[in-house]
Amino acid sequence: TIPGENAKAALIGRLDGWCWDTPPFYSAETGAIAVKDFGRGHYSISGRVTDASSNPISGATISVGAGHDATTDSNGNYTLNELAAGTYTITPSKSGYTFSPASRNVTVPPSRTGQDFIATAPPPQSCAVPFFSQRDDRWKNYPLRSNGACSSSCSTIGTCGCTLTSSAMVFSYYGANTIPPTLSDCMGTRACPFYWNTGAACSNGKASWVGQYGFSWSRLDQELNQNHRPVILGMHRKGNVNDTHWVVVTSGQGSDPSNYFINDPWFLGGANMMLSTRSPKYDFDYISVYSGQPACGNAPSPVLRASSVQSPVLRTSTAVVTGTALIYSMTEITMTVQLIAQSNTGNITEMMVWTDANPTQTWQSFATLVMLPVSDNVYARFRDEYGNESDPQSDTVYPVYTPSTPLNDLFLPFIWR
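Heads up: these notes are all about the structure in this document. (Residues numbered from 1 in each chain as written. Predicted model: local features only at pLDDT ≥ 70, side-chain atom pairs only at ≥ 80, totals over all residues. Heavy atoms only, no water.)

Turning next to the overall build of the protein. Counting its regular elements, the protein contains six helices and 23 strands. Relative to its 417 residues, the protein shows a buried fraction of 43%. A fraction of 62% describes how many contacts in the protein between residues 6 or more apart in sequence connect residues 24 or more apart. Surface summary for the protein: the accessible area is close to 20,600 Å², and the carbon and sulfur share equals 51%. (Helix = DSSP H or I, 4+ residues; strand = E, 2+ residues; numbered from the N terminus. Buried < 20%, exposed > 50% of the residue type's maximum accessible area, 1.4 Å probe, protein only. Contact = heavy atoms within 4.5 Å. Areas by Shrake-Rupley, 256 points an atom, 1.4 Å probe, with all protein chains shown as cover.)

Time to look at the sheet that holds strand β17 (residues 321-330). Sheet architecture is open: three strands sit in the order β17-β18-β21, paired in antiparallel fashion. A strand with exactly one partner marks an edge of an open sheet, and here the two such strands are β17 and β21 (369-373). Across the sheet, the axes of successive neighbouring strands diverge by a mean angle of 30 degrees, strand direction being ignored. Direction of pairing for strand β18 (residues 334-343) relative to β21: antiparallel, over a ladder of five bridges. Pairing of T334 across the sheet is with P373, part of β21. (Pairing = 2+ DSSP bridges. Axes fitted to C-alpha atoms, helices over the stretch in contact; angles between N-to-C directions.)

Okay, the sheet that holds strand β20 (residues 363-365) next. Ordered in space as β20-β19-β22-β23, the four strands form an open sheet in which the pairing is antiparallel. Both outer strands of the open sheet, β20 and β23 (393-396), are each paired with one neighbouring strand and no more. Taken over all neighbouring pairs, the strand axes of this sheet differ in orientation by 35 degrees on average, direction set aside. When strand β22 (residues 377-384) meets β23, the two strands line up antiparallel, connected through four bridges. Bridging across to β23, Y379 finds its partner in S394.

Let us now look at the state of the cysteines. Evaluated as defined, the whole model comprises three disulfides. The disulfide partner of C154 is C160, and the gap between their sulfur atoms is 1.9 Å. Between C154 and C160, the S-S torsion sits near -60 degrees, and that sign places the bridge as left-handed. Side by side, C154 and C160 carry an identical accessibility label, which is buried. Through a disulfide, C186 is tied to C202; the S-S separation comes to 2.0 Å. Between C186 and C202 the disulfide shows an S-S torsion of about -85 degrees. By sign, it is left-handed. Of this pair, C186 sits in helix α4 (residues 180-187) while C202 is found in the loop between α5 (196-201) and β11 (207-214), placing the two residues 16 residues apart along the sequence. (Disulfide = S-S within 2.5 Å.)

Here we take up the pairing of strand β19 (residues 348-355). Counting buried residues along β19, six of its eight residues qualify, which places the element largely inside the surrounding structure. The sheet contact formed by β19 and β22 spans seven bridges and is antiparallel. Pairing of V353 across the sheet is with A380, part of β22.

The next thing to look at is the packing of aromatic side chains. Under the criterion given, the structure shown has 16 aromatic pairs. Aromatic pair F366 and F382: ring centres 6.0 Å apart, planes at 75 degrees, arrangement edge-to-face. Here F366 is found in the loop between β20 and β21, whereas its partner F382 is found in strand β22, with 16 residues between them in sequence. Using a relative accessible area of 0% as the deciding quantity, one classes F382 as buried. Clustering of aromatic rings is evident, with ring pairs tying together F171, F194, W196, W209, W246, Y286 and Y290. Positioned above the aromatic ring of Y195, the side-chain terminus of R190 is 4.5 Å from the ring centre. (Phe/Tyr/Trp six-rings, centres within 6.5 Å; stacked < 30°, edge-to-face > 60°. Lys NZ or Arg CZ within 6 Å of the ring centre and 35° of its normal.)

The next subject is the layout of surface pockets. The space that makes up the second largest pocket amounts to roughly 220 Å³. Taken together, 15 residues form the lining of the second largest pocket, with R135, K140, T324, L326 and D395 sitting closest to its centre. Of all elements in the fold, only α2 (157-160), β17 and β23 reach the threshold of two or more residues within the lining of the second largest pocket. For the lining of the second largest pocket, a count of residues per class yields four nonpolar, seven polar and four charged. (1 Å grid on protein atoms, 1.4 Å probe; cavity = no way out; pocket = protein on both sides within 12 Å on 5 of 7 lines; lining within 4 Å. Points joined across faces, edges and corners; volume = space filled by probe spheres on them. Nonpolar A, V, L, I, M, F, W, Y, C, P; charged D, E, K, R; others polar.)

So, about helix α6 (residues 217-225). Those residues of α6 not exposed but buried are L220, D221, E223 and L224. One side of α6 holds all its buried residues, which, seen down the axis, span an arc of 165 degrees. (Arc of directions from axis to C-beta.)

Our next topic: the packing of helix α3 (residues 162-173) against α4. Running from amino to carboxyl end, α3 crosses α4 at an angle of 105 degrees, the nearest separation of the two axes being 9 Å. By the angle between their directions, the pair α3 and α4 is classed as roughly perpendicular. The residues of α4 that touch α3, namely those facing L164, T165, S167, A168 and F171, are P180, L183, S184 and M187. Looking at the contact of α3 with α4 residue by residue, the class counts come to six nonpolar, three polar and no charged. (Parallel < 35°, antiparallel > 145°, perpendicular 65-115°, else oblique.)

For the rest of this paragraph, the subject is α4. Of all the residues in α4, the buried ones are P180, P181, L183, S184 and M187. Mapping the buried residues of α4 onto a view down its axis gives an arc of 160 degrees, with all of them on the same face. Where α4 is buried, its residues contact α2, α3 and α5. G188 sits one or two positions beyond α4 and adopts a positive phi of about 60 degrees.

Time to look at unusual backbone geometry. Following V108, the chain continues to P109 via a peptide bond in cis, the omega torsion being 0 degrees. Positionally, P109 belongs in the loop between β9 (104-108) and β10 (117-120). The residue after C192, namely P193, is reached through a cis peptide bond having omega 0 degrees. With respect to the helices, strands and loops of the structure, P193 is situated in the loop between α4 and α5. Although it is not a glycine, N204 adopts a positive phi angle of roughly 60 degrees. One can find N204 in the loop between α5 and β11. The exposed category is assigned to N204, whose relative accessible area is 56%. Even without a glycine there, the phi angle at H228 is positive, about 55 degrees. Inspection of the secondary structure assignment puts H228 in the loop between α6 and β12 (231-237).

Take a look at the structure:
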C-alpha cells in the first residue's frame, strides 16, 4: 500500500506491463493504491514427448508464448513453470517432426500433468523402395528353382516368387542391380524355398541379413521409424497356415494396418498399397529384415499394358479369341482389374466381367481397366466384332501357395575321424 495522492500518478508508470487477476485498487478516502504482482504465477504444465513406440524424443521445444518455453530432456519430459492463471495453447516443435496433437489448450489452475505429445520422425532421406511384380510379363514365367522342397506347381516366379520378388525390391533399394530373374539365377535351387542368407550373398554386397522376428506392431514400427529399414512381412491366409504370402512394408507407424504402406508383388499395380488391404483375410507371422545403405536409385516400374487391337479381316473357321483378366491393384473396398484380349479375326468389342460377390453376367463394351468391389475372384469373357467368344478367364486376390518358412543358411562343420 502506497499512501499519498501523488503516489497514484507516480506509480502508474511502474505498473505498466504488470499483470494481475484484478486491477490495482485506489482508495479515495486514504489516497492509497493496493498492488499485487501476478506477473509470474505458481502453476505448471508438464508432460512427455515420445514417438509412436513410446521412445523419448529429446530436444523438442514446447511453447506457450510470452517467453514461456521448455525443451524436452533425454527422457522426453518437459515442464513449463511459473505460469499465471489462465488458458494456454501448448505447441511442440522440432525440425522435421510432426506432432499429434499439433497443440493443446490447457487451463491452470490447477497445475497440469500428463500433457503428452506423439512425434513422428522425418524419414532419413527421400528414397522410395522400388516396386517389382512377380507377375510382370518380363519374368512371370521365369524359372524358380527348388531343392525339392517346393512342388512342381511352384516352378516360376509368377506362381510362387513373392519372397524372391520382395527381396529383389529391398536389394534394389540398397543399391543392388537386381531384378527377380537375376536374383533367381544367382540363388539357384535355394530360390524355393527362399534362403535369406543366400539372398543377401546375391545382392553384390549391398544388403546384409539381419534376422527374422515374430510379428508385432512395435517391432514393425521400430524397424521402419527407428532403424529406418523396409521390412519383408510374412503372412498366411486366415484358416490356412499353408497359404502364405510376403510383401514389403515401406512406411507407417502404430498398430493400425491402414497407417502402413506396402509393395505387394502379387499385383501388377501393387506399389504403395495399404496394409489394410491384406489384414482382413490374412494373419501376420514374420518380420524379415535386411540392412544396407539406401541408394535412392530409380528402378523400373511396371506400366499398364495396352490391349492388342487388330484391323478387321475376313472371318475364318479357325477364329480364336483369347485374353486375360488380372487384378491390377486393390484397396480395402475396390479392386482394379486389367483386361487384355485379342482375336485373330477382328477387333475385341465386348467383354463380360463378374465376381464371386457379383455373379451377374452381361455383355458390355470392352475396356482395358474396370473397377469392381473387392471379391476373392474375378472372371471375364471377351467377344470380337464378328461374335467370336473366348473361354472364361479368371484371377484371384490370393497368391498361389508358397513355402511358409523361408530358410536361413545352415553351415555345419565336418568332423574327420
